[in-house]
Amino acid sequence: SACQVGQQTTSKAMMALQLEPQKAREFVRISFGHSTTAENVNALADCLILITQEMGINKTKVGSL
């Protein structure tokens, strides 16, 4: 759920999914609205790809997360 930024506790929503506490703290929430454009989505995708490359995460690892 939202509003967990900066908190050390794990989101109740993530715990309800029975995730390990460390993995539950690693989730990112992404929301889209009526004003979201294809360009916005493409920019987000480009950023996420760059982040995963910088972190050394490949497609195999993403599938197992």
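Residues numbered from 1 in each chain as written. Predicted model: local features only at pLDDT ≥ 70, side-chain atom pairs only at ≥ 80, totals over all residues. Heavy atoms only, no water.

### Comments concerning the overall build of the protein chain
If you tally the helices and strands in the protein chain, you get four helices and zero strands. From first element to last, N terminus to C terminus, the protein chain shows the α and β order α-α-α-α. Here the protein chain displays about 5800 Å² of accessible surface, and carbon together with sulfur accounts for 59% of that area. (Helix = DSSP H or I, 4+ residues; strand = E, 2+ residues; numbered from the N terminus. Areas by Shrake-Rupley, 256 points an atom, 1.4 Å probe, with all protein chains shown as cover.)

### Here we look at unusual backbone geometry
Even without glycine at this site, Gln18 takes up a positive phi of about 60 degrees. Within the secondary structure, Gln18 sits in the loop between helix 1 (12-16) and helix 2 (21-24). The class for Gln18 is exposed, based on a relative accessible area of 73%. (Buried < 20%, exposed > 50% of the residue type's maximum accessible area, 1.4 Å probe, protein only.)

### Some words on the environment of Val41
Secondary-structure assignment places Val41 in helix 3 (residues 38-55). Given the relative accessible area of 35%, Val41 is considered partly exposed. Ignoring anything within four residues of it in the chain, the contact list for Val41 reads Phe32 and Thr36. (Contact = heavy atoms within 4.5 Å.)

### Examining a nonpolar patch on the surface
Among the surface-exposed residues, Val28, Ile30, Phe32, Val41, Leu48, Ile51 and Met55 lie close enough to one another that they form a single nonpolar patch of about 660 Å² accessible area. Along the chain, Phe32 falls in the loop between helix 2 and helix 3. (Patch = residues over 30% accessible without salt bridge, like charges linked within 9 Å, V, L, I, M, F, W, Y side chains within 5 Å. Salt bridge = Lys/Arg side-chain N within 4 Å of Asp/Glu carboxyl O.)

### Quick word on the confidence of the model for the protein chain
Keep in mind that low pLDDT regions are not for reading the predicted coordinates in detail. With 77% of its residues at a pLDDT of at least 70, the protein chain reaches an overall mean of 80. Taken element by element, the protein chain is modelled with least confidence in helix 4 (residues 59-64), mean pLDDT 57, and with most confidence in helix 3, mean pLDDT 93. (pLDDT = per-residue confidence, 0-100.)

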